[in-house]
Amino acid sequence: MPGLTLADARAALDAGLAEADAIGQPMNVAVVDDGGHLLAFARQDGAIRASIDIAQRKARTSILMEAPTAALMPLVQPGAELYGLEQTAGGMVIFGGGVPVYRDGVLVGAVGVSAGSVEQDVRVAEAAVAAISSAVPA
């Protein structure tokens, strides 16, 4: 089964950036393959520079954990099962904005978005993923 292509990554970027424009929040959007390697990245004018790395880490975290990063927050609180997770694997990001990409139920990549509120980041990431994801996992 083929993984994400550059054309897929461009479609995700276009959709994510369009959503960022629609909500009026400049964003950093990263698209990674199933190994967490960067395929495409865009930083909109006005998006904060600190979020360049955060967007890429959100995408990688989503791949490593095979889950949206927003799903990790309750698991990493003090006393919770995965407390301290964000300190592993080169610094994972455990708040919303990283969303995995599935094709026919197989994890093929992820999108990471950063520069807005967590809710905005998730909204833009989900719009990007919707442009290229053909099926969610069972």
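Scroll up for the structure.
The following paragraphs examine the structure supplied in this document. (Residues numbered from 1 in each chain as written. Predicted model: local features only at pLDDT ≥ 70, side-chain atom pairs only at ≥ 80, totals over all residues. Heavy atoms only, no water.)

## Focus: helix 2 (residues 50-65)
The end-to-end C-alpha distance of helix 2 is 23 Å, a good match for the 22 Å that 16 residues give at a rise of 1.5 Å each. Of the positions making up helix 2, those classed as buried are Ser51, Ala55, Gln56, Lys58, Ala59, Thr61, Ser62 and Ile63. Among the residues trailing helix 2, glutamate 66 stands out with phi positive, at a value near 55°. (Helix = DSSP H or I, 4+ residues; strand = E, 2+ residues; numbered from the N terminus. Expected span 1.5 Å × (residues − 1). Buried < 20%, exposed > 50% of the residue type's maximum accessible area, 1.4 Å probe, protein only.)

## Let's talk about the pairing of strand 3 (residues 98-103)
Within strand 3, six of the six residues are buried, which leaves the element mostly enclosed by the surrounding structure. Covered by surrounding structure in strand 3 are Gly98, Pro100 and Tyr102 together with Val99, Val101 and Arg103, the residues of both alternating faces. Bridge analysis of strand 3 against strand 4 (residues 106-114) gives six bridges, and the strand direction is antiparallel. Of the residues in strand 4, the one forming a bridge with tyrosine 102 is leucine 107. The hairpin formed by strand 3 and strand 4 contains two residues between the paired strands, and aspartate 104 there has a positive phi angle of roughly 50°. (Pairing = 2+ DSSP bridges.)

## Observations concerning the sheet that holds strand 4
The four strands lie next to each other as 2-1-4-3, forming an open sheet whose pairing is antiparallel. Edge positions in the sheet fall to strand 2 (38-43) and strand 3, since each has one partner strand and no second. Here the average twist between neighbouring strands, direction ignored, is 15°. Docked against the sheet, helix 2 engages strand 1 (28-33), strand 2, strand 3 and strand 4, running at close to 155° with respect to strand 4. (Axes fitted to C-alpha atoms, helices over the stretch in contact; angles between N-to-C directions. Contact = heavy atoms within 4.5 Å.)

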